[in-house]
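So you can see what is in the structure, the chains are spelled out below.
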Amino acid sequence: MKKLIIKSVLYVFLILVLLEVLVRIFHLGKDTPTRFVDEHKVEKWVPNQNGFSVTGNRRQNFSEYRINNSGYNSYREFTPTKNKIEVALIGDSFIEGFHQDYYNSIGKKVENKLSEIEVYEYGYAGYDFADQLHLVHSYQEQFKLIDHLILGIKFSNDLTRGEYNVVYGRLALESPMNRLLKKSKLLVYCKSIGVLDPPQEMVYRLISLLKSKRETKSLSDEEIALIKKEKEESYLANFESLIAKYGYDKERYTLLLDSRITSTIFLSYLEKNNFNYIDIAQAFEATNRFTTLIYDRHWNNHGRELVGNLITEYLNKKGISKTN
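An account of the accompanying structure is given in this report. (Residues numbered from 1 in each chain as written. Predicted model: local features only at pLDDT ≥ 70, side-chain atom pairs only at ≥ 80, totals over all residues. Heavy atoms only, no water.)

## Details of the overall build of the protein chain
For the protein chain, the helix and strand inventory stands at 13 helices and nine strands. Of the roughly 18,500 Å² of accessible surface on the protein chain, a fraction of 56% belongs to carbon and sulfur atoms. (Helix = DSSP H or I, 4+ residues; strand = E, 2+ residues; numbered from the N terminus. Areas by Shrake-Rupley, 256 points an atom, 1.4 Å probe, with all protein chains shown as cover.)

Take a look at the structure:
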């Protein structure tokens, strides 16, 4: 019996080692860069990292990233001057672009059409509007040299707070224990394809079950509509609070949004108060091709091409570019 247990443990260990080797050989596990908070309390990636982002259980999306000196995924460094034309794209993972090779990003697509400008991509997964304005304010001397800023915004989750503070939940991913666990590519791969999800889902179901027992009252359509309205008004108030604190240059700043998933209250507010925005909705609806990844809601290459075209057209219309 003792020998059987020892052999079983040995075989399991050897199988795990073999799987670890296979995951590394075929690069199935993603490389996750290290994050930190700088002296201005801006959360970003540790500069000068590179690796590969992998999505899907059969490496369905495999792309290379490069973190520059500023801590963002980009093929170029950010060196704004008064003698050049620069545009900044600021936003979350959609701007960060880990789902596409860094040298084929939205910014690079824009530069390919507008050769006289430089596009700086300040993208970081999880950035909301508070993160974005805090970033611009913290590095205001640098951003003053940039000719135009385009800020990505999703009304449903980018305006949940009216003031900035560091999100320590994301930084918890850099704990010594998590760093140690990430050294195993097999473990990273298992987590990315959902092998470790069932235990978590079981806990969530238990919590939901307990809540459902406590909350037996069902809401009427009127109550649901009222809650929705109150939430939208709260988000709009957060938007006003943030621009009041950090300032908002309507001539140099433009929002990038999708009107299909944006509150009509917010759109009406932007129109009434002369906030410029680029709306991707019409272009995405007009195409007969997929604009997002099959297994992910992030834009695929075609979606990014459409966004790049819209930004290019907008910059030409604004006279920021001097292209033909």
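## Points about helix α13 (residues 301–318)
Taking 1.5 Å as the rise per residue, α13 with 18 residues should run 26 Å; its terminal C-alpha atoms sit 26 Å apart, in good agreement. Taken together, the buried positions of α13 are occupied by His-302, Gly-303, Arg-304, Leu-306, Val-307, Gly-308, Leu-310, Ile-311, Thr-312, Tyr-314 and Leu-315. Positive backbone phi, at 80°, marks Gly-319, one or two positions downstream of α13. (Expected span 1.5 Å × (residues − 1). Buried < 20%, exposed > 50% of the residue type's maximum accessible area, 1.4 Å probe, protein only.)

## Observations regarding unusual backbone geometry
Unlike most non-glycine residues, Lys-41 shows phi in positive territory, near 65°. Assignment of secondary structure puts Lys-41 in the loop between β1 (35–37) and β2 (43–45). Of note, the phi angle at Asn-274 is positive, near 60°, even though the residue is not glycine. Its place among the elements puts Asn-274 in the loop between α11 (264–272) and β9 (277–279). With a relative accessible area of 56%, Asn-274 lands in the exposed category.

## Some words on the sheet that holds strand β6 (residues 117–123)
If you walk across this open sheet you meet the five strands as β6-β5-β7-β8-β9, and the pairing is parallel. Every interior strand has two partners, whereas the edge strands, β6 and β9, have only one. Each neighbouring strand pair of the sheet contributes to a mean axis angle of 20°, computed without reference to strand direction. Direction of pairing for strand β5 (residues 85–91) relative to strand β7 (residues 148–152): parallel, over a ladder of four bridges. Looking at the pairing, Val-87 lines up with His-148 of β7. Packed onto the sheet, α11 meets β8 (253–257) and β9 and runs at close to 155° relative to β8. (Pairing = 2+ DSSP bridges. Axes fitted to C-alpha atoms, helices over the stretch in contact; angles between N-to-C directions. Contact = heavy atoms within 4.5 Å.)

## So, the pattern of salt bridges
Applying the stated criterion across every chain, the model contains twelve salt bridges. A salt bridge links Glu-305 to Lys-109; the nearest nitrogen and oxygen atoms lie 3.1 Å apart. With Glu-305 in helix α13 and Lys-109 in helix α3 (residues 106–113), this residue pair connects regions lying 196 residues apart in the sequence. Close ionic contact of Asp-258 with Arg-260 constitutes a salt bridge, the shortest N to O distance being 2.7 Å. A residue is classified by how much of its surface remains accessible, and Asp-258, at 11% relative accessible area, is buried. The network of salt bridges with shared partners includes Arg-76, Lys-84, Glu-111 and Glu-118. (Salt bridge = Lys/Arg side-chain N within 4 Å of Asp/Glu carboxyl O.)

## A word on helix α4 (residues 129–138)
With nine of ten residues buried, α4 is to be regarded as a mostly interior element. Residues of α4 that are buried include every one of Phe-129, Ala-130, Asp-131, Gln-132, Leu-133, His-134, Leu-135, Val-136 and Ser-138, and no others. Measuring from the side-chain oxygen of the N-cap residue of α4 to the backbone nitrogen of Ala-130 gives 3.2 Å; that N-cap residue is Asp-128. (Polar contact = N/O pair within 3.5 Å; in protein donor to acceptor, adjacent residues only side chain to side chain.)

## Some remarks on the packing of α4 against helix α10 (residues 221–246)
Two elements in contact, α4 and α10, have axes separated by 10 Å at closest approach and are oriented at 5°. With respect to their mutual orientation, α4 and α10 come out roughly parallel. Across from Phe-129, Ala-130, Leu-133, His-134 and His-137 in α4, the residues of α10 making contact are Phe-239, Leu-242, Ile-243 and Tyr-246. Tallied by class, the residues present in the contact of α4 with α10 amount to seven nonpolar, two polar and no charged. (Parallel < 35°, antiparallel > 145°, perpendicular 65-115°, else oblique. Nonpolar A, V, L, I, M, F, W, Y, C, P; charged D, E, K, R; others polar.)

## Concerning a nonpolar patch on the surface
The grouping of Met-1, Leu-4, Ile-5 and Val-9 at the surface amounts to a nonpolar patch, some 460 Å² of accessible area in total. Turning to its location among the elements, Met-1 is positioned in the segment before α1 (2–25). (Patch = residues over 30% accessible without salt bridge, like charges linked within 9 Å, V, L, I, M, F, W, Y side chains within 5 Å.)

## As for the packing of aromatic side chains
Applying the stated criterion across every chain, the model contains 24 aromatic pairs. Each ring, one from Tyr-124 and one from Tyr-127, has its centre 5.0 Å from the other, and the planes form 40°; the classification is tilted. The class of Tyr-124 is buried, set by a relative accessible area of 0%. The buried category is assigned to Tyr-127, whose relative accessible area is 1%. Summarising the aromatic geometry, the rings of Phe-155 and Tyr-235 are spaced 5.5 Å apart at their centres and angled 70° between planes, so their arrangement reads as edge-to-face. (Phe/Tyr/Trp six-rings, centres within 6.5 Å; stacked < 30°, edge-to-face > 60°.)

## Some details on the nonpolar core
Counting 44 residues, the largest nonpolar core has Tyr-122, Phe-129, Phe-143 and Phe-239 as its most contacted members. Going through the elements one at a time, β5, β6, α4, β7, α10, β8 and α11 are the ones with two or more residues in this core. The biggest single contributor to this core is α10, with six residues. Beyond its immediate chain neighbours, meaning those up to four positions away, Phe-239 contacts Phe-129, Ile-153, Leu-159, Leu-255, Phe-266, Tyr-269, Leu-270 and Phe-275. Of all hydrophobic cores here, the second largest spans 24 residues; its members include Val-87, Val-110, Ile-150 and Leu-315. (Core = buried A, V, L, I, M, F, W, Y, C linked by side-chain atoms within 4.5 Å.)

Keep in mind that these numbers describe shape and distance, not what the molecule does.
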